[in-house]
Amino acid sequence: MTIFVLLAIALLASALFTITAKHPVYSVIGLLLNFLALAALYLSLSAEFLALIQILVYSGAILVLFVFVIALLSSGVKPFDSGPNKLPRIGMPAIVTALVAFGALVWGAVQVPFTPSVGPTQPNGPPGAADVFGSVADFGRALFGPYLLPFEMTALVLVIAIVGVIMLASDAAPAKTRGHHVKRPRRVREPITKTKAKVG
Amino acid sequence: MIPATYYVVLSGALFFLGVIGVVTRRNPLIVLMAIELMWNAANVVFIAFARAWLNNVGHVFAFLVITVAAAEAAIGLAIVVVAFRRAQYVDVDEAAGLRG
């Protein structure tokens, strides 16, 4: 219970830091703390393999991608550091709406009597044993047994993502607009009233 | 023994922090990070209930969610880079290129 409370506090604090930080780099650091706390929470839920995947995929791949994009975009570019960073006049309504929805969710969760609760120890065998609930062997047997088709579907999803990213990155913009700011002239429309007046 | 309701409440708090981040921030990178928070909030509930009922399916589903989140982050960041290269804006308010 103590571990759960500590991890919950760490999770909520780092999430709050992520969405309130001024510069995206600080957000990345908050998100990193959040992912580490999540991995610890998964370990406490005896999902060992998923805790490792959380660190490898999220902290190792996705966050590095974010850092690369920040380094790519914000080198010598003003808008990342200056200017208002929040939408005006939407903070309070957003917080109130989210709190109301969160209250509804808590109310609903309290209504439903969940009979099971999460015990403190490993359900079958000591932690660290080779073949317990949530270990690599256990997870792999489920993933490559009855859930092989969803697993193959993720391969398809990743292929589609790769194709989409390559299409986006192979700059479809014309060469003139590449790399520097181009002010597009506002399209001036013919005033409709005058033509109507002529016709009339 | 921690009741499963606690995990639902924790996940809901994380999810709505992500919602607030998506709605209120202007920087597209921070918006994407708030979306990652929301993905992870879903994963917390999957894994908590998998542990509560000692069922593997929650783990498999959380694994699929992580994969889809990785794909989403890659495509979202590519869109941010392309939008930045074309028009030099880093403000989701100014991204109106798809307006009809």
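Parameters and conventions
- Residues numbered from 1 in each chain as written.
- Chains lettered and ligands numbered in written order.
- Predicted model: local features only at pLDDT ≥ 70, side-chain atom pairs only at ≥ 80, totals over all residues.
- Helix = DSSP H or I, 4+ residues; strand = E, 2+ residues; numbered from the N terminus.
- Buried ≥ 20, exposed ≤ 12 C-beta atoms within 10 Å, placed from the backbone.
- Contact = placed C-beta atoms within 7 Å.
- Core = buried A, V, L, I, M, F, W, Y, C linked by C-beta atoms within 7 Å.
- Nonpolar A, V, L, I, M, F, W, Y, C, P; charged D, E, K, R; others polar.
- Axes fitted to C-alpha atoms, helices over the stretch in contact; angles between N-to-C directions.
- Parallel < 35°, antiparallel > 145°, perpendicular 65-115°, else oblique.
- Left-handed = near helix turned anticlockwise from the far one by under 90°.
- Expected span 1.5 Å × (residues − 1).
- Bend = angle between axes of the 7 residues up to and from the residue.
- Arc of directions from axis to C-beta.

> Sorry if this is basic, but what is going on with the overall build of chain B here?
In terms of helices and strands, chain B carries three helices and one strand. Seen in sequence order, chain B has helices and strands lined up from the N terminus as β-α-α-α.

> Sorry if this is basic, but what is going on with the overall build of chain A here?
Looking only at helices and strands, chain A features seven helices and one strand. Its helices and strands taken in sequence order, chain A reads α-α-α-α-β-α-α-α from the N to the C terminus. Burial status across chain A gives 19% buried among its 200 residues. If you take every contact in chain A between residues at least 6 apart in sequence, the share linking residues at least 24 apart comes to 44%.

> Explain the nonpolar core here, please?
The tendency in soluble globular proteins is for nonpolar side chains to be buried side by side. The biggest cluster of nonpolar side chains holds 58 residues, and the ones touching the most others in it are Tyr42 of chain A together with Leu14, Val44, Ile47 and Ala48 of chain B. Within the residue set of this core, elements represented by two or more residues are helix 1 (2-20), helix 2 (24-44) and helix 3 (48-73) of chain A together with helix 1 (4-24), helix 2 (28-52) and helix 3 (57-87) of chain B.

> Is there a simple way to explain the interface of chain A and chain B in this structure?
In this assembly, 73 residues from chain A lie in contact with 64 residues from chain B. Looking at the side of chain A that touches chain B, the elements that each hand over two or more residues are helix 1, helix 2, helix 3, helix 4 (91-111), strand 1 (117-118), helix 5 (136-143) and helix 6 (148-169) of chain A. Here the side of chain A that touches chain B is built from residues that sort into 56 nonpolar, 14 polar and three charged.

> What exactly am I supposed to notice about the packing of helix 1 of chain A against helix 2 of chain A here?
Between two packed helices, what matters for the description is the angle formed by their axes and the separation of those axes. Residues and elements named next belong to chain A. At their nearest, the axes of helix 1 and helix 2 sit 8 Å apart, and the two run at 160° to each other. In terms of their interaxial angle, helix 1 and helix 2 are classed as roughly antiparallel. For the crossing formed where helix 1 meets helix 2, the hand is left-handed. Across the interface between the two elements, Ile3, Phe4, Leu7, Ala10, Leu11, Ser14, Ala15, Phe17 and Thr18 from helix 1 touch Ser27, Gly30, Leu31, Leu33, Asn34, Ala37, Leu38, Ala40, Leu41 and Ser44 from helix 2. Tallied by class, residues from the contact of helix 1 with helix 2 come to 13 nonpolar, six polar and no charged.

> For this particular structure, what's the right way to read helix 3 of chain A?
One turn of an α-helix holds 3.6 residues; hence residues three or four places apart share an orientation. Residues and elements named next belong to chain A. Spanning 26 residues, helix 3 covers 36 Å between terminal C-alpha atoms, matching the ideal 38 Å at 1.5 Å per step. In the structure, helix 3 departs most strongly from a straight axis at Leu63, where the bend amounts to approximately 25°. Those residues of helix 3 not exposed but buried are Glu48, Leu50, Ala51, Ile53, Gln54, Tyr58, Ile62, Phe66, Val69 and Leu73.

> What is the right way to read the packing of helix 2 of chain A against helix 3 of chain A from this model?
Residues and elements named next belong to chain A. Contact pair helix 2 / helix 3: the axes reach a minimum separation of 8 Å and the direction vectors enclose 175°. Overall, the two elements helix 2 and helix 3 adopt an arrangement that is roughly antiparallel. Facing Pro24, Val25, Val28, Leu31, Leu32, Phe35, Leu36, Leu38, Ala39, Tyr42 and Leu43 of helix 2, the residues of helix 3 in contact are Glu48, Leu50, Ala51, Gln54, Ile55, Tyr58, Ser59, Leu63, Phe66, Val67 and Ile70.

> How should I be thinking about helix 1 of chain A in this particular structure?
Under the 1.5 Å per step criterion, the end-to-end length of helix 1 of chain A is 27 Å for 19 residues, consistent within 8% with the ideal 27 Å. Within helix 1 of chain A the residues assigned to the buried category are Leu7, Leu11, Ser14, Ala15, Thr18 and Ile19 of chain A. Viewed along the axis of helix 1 of chain A, the buried residues span an arc of 130°, placing them on a single side of the element. Exposed residues on helix 1 of chain A whose side chains face more than 90 degrees from its buried face are Thr2, Val5, Leu6 and Ile9 of chain A. Tucked into the core, helix 1 of chain A has its buried residues touching helix 2 of chain A together with helix 1 and helix 2 of chain B.

> Just to check I follow, could you spell out the environment of Ala15 of chain A for this structure?
Looking at where Ala15 of chain A falls in the secondary structure, it is placed in helix 1. You can call Ala15 of chain A buried: it has 28 C-beta atoms within 10 Å. Along the chain, Ala15 of chain A and Leu33 of chain A lie 18 residues apart, while their C-alpha atoms are 8.6 Å from each other. When near neighbours in sequence (up to four residues on either side) are disregarded, Ala15 of chain A contacts Asn34 of chain A together with Leu14, Leu17 and Leu37 of chain B.

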